[in-house]
Amino acid sequence: MIVKPSDIIYHIIGVELDNPDLAVDSKGLADARNAHPDWQMGFTVNKKINSKKLIEEIAKESRLFPFFKGDRLSFNSIKG
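Residues numbered from 1 in each chain as written. Predicted model: local features only at pLDDT ≥ 70, side-chain atom pairs only at ≥ 80, totals over all residues. Heavy atoms only, no water.

Trainee: Teacher, can you tell me more about the overall build of the chain here?
Mentor: Scanning the chain for helices and strands turns up three helices and three strands. The C-alpha radius of gyration computed for the chain amounts to 12 Å, which stays within 12% of the reference 12 Å derived for 80 residues, consistent with globular compactness. A principal-axis box enclosing the C-alpha atoms of the chain has dimensions of 35 × 25 × 20 Å. Looking at the 80 residues of the chain, the share that counts as buried comes to 34%. Counted over contacts in the chain with a minimum sequence separation of 6, partners at least 24 positions apart contribute 63%. Per element, the accessible surface of the chain, about 5600 Å² overall, is 51% carbon and sulfur. (Helix = DSSP H or I, 4+ residues; strand = E, 2+ residues; numbered from the N terminus. Rg over C-alpha atoms; globule rule 2.2 N^0.38 Å. Buried < 20%, exposed > 50% of the residue type's maximum accessible area, 1.4 Å probe, protein only. Contact = heavy atoms within 4.5 Å. Areas by Shrake-Rupley, 256 points an atom, 1.4 Å probe, with all protein chains shown as cover.)

Trainee: Mind showing me how you'd approach the nonpolar core here?
Mentor: A general feature of soluble globular proteins is that nonpolar side chains tend to end up buried together. Counting residues in hydrophobic clusters, the biggest one holds 15 residues, and the most contacted among them are Ile9, Ile12, Ile13, Ile58, Leu73 and Phe75. Mapped onto this core, the elements with two or more residues apiece are helix 1 (5-16), helix 2 (26-34), helix 3 (51-60) and strand 3 (72-77). If you tally residues by element for this core, the top one is helix 1, at four residues. Not counting the four nearest positions on each side in its chain, Ile9 is found in contact with Ile55, Ile58, Ala59, Leu64, Pro66 and Phe75. (Core = buried A, V, L, I, M, F, W, Y, C linked by side-chain atoms within 4.5 Å.)

Trainee: What am I meant to see in the packing of helix 1 against helix 2 here?
Mentor: When two helices pack together, their arrangement is given by the angle between the helix axes and by the axis-to-axis distance. For the pair helix 1 and helix 2, the least separation of the axes is 8 Å and the interaxial angle reads 135°. Relative to helix 2, the element helix 1 is oriented oblique. Contacts between helix 1 and helix 2 pair Ser6, Asp7 and Tyr10 from the former with Leu29, Ala32 and Arg33 from the latter. Here the contact of helix 1 with helix 2 is built from residues that sort into three nonpolar, one polar and two charged. (Axes fitted to C-alpha atoms, helices over the stretch in contact; angles between N-to-C directions. Parallel < 35°, antiparallel > 145°, perpendicular 65-115°, else oblique. Nonpolar A, V, L, I, M, F, W, Y, C, P; charged D, E, K, R; others polar.)

Trainee: I tried to follow the environment of Glu56 on my own but got confused; where do I start?
Mentor: One can find Glu56 in helix 3. Taking the relative accessible area as the measure of exposure, Glu56 reaches 41% and is therefore partly exposed. Taking the C-alpha atoms as reference, Glu56 lies 22 Å from Asp21; in sequence the two are 35 residues apart.

In structure tokens, the structure reads:
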């Protein structure tokens, strides 16, 4: 089960939005995971929603700032 905010965002962009070749900044992803050591997010989506809005809401409830640097997904994190 995917529970860390960074992994949820990565999954939404890569899988749910059908971007199988999505590149990710591995250091930014690792830092984002480390910034949320005991976090476990959970939610359901039962109707079609705007993916950008969903990602913004996840980021707002976490310590993450996801962004694209060129064609690569990256994360800035606030240390806790």
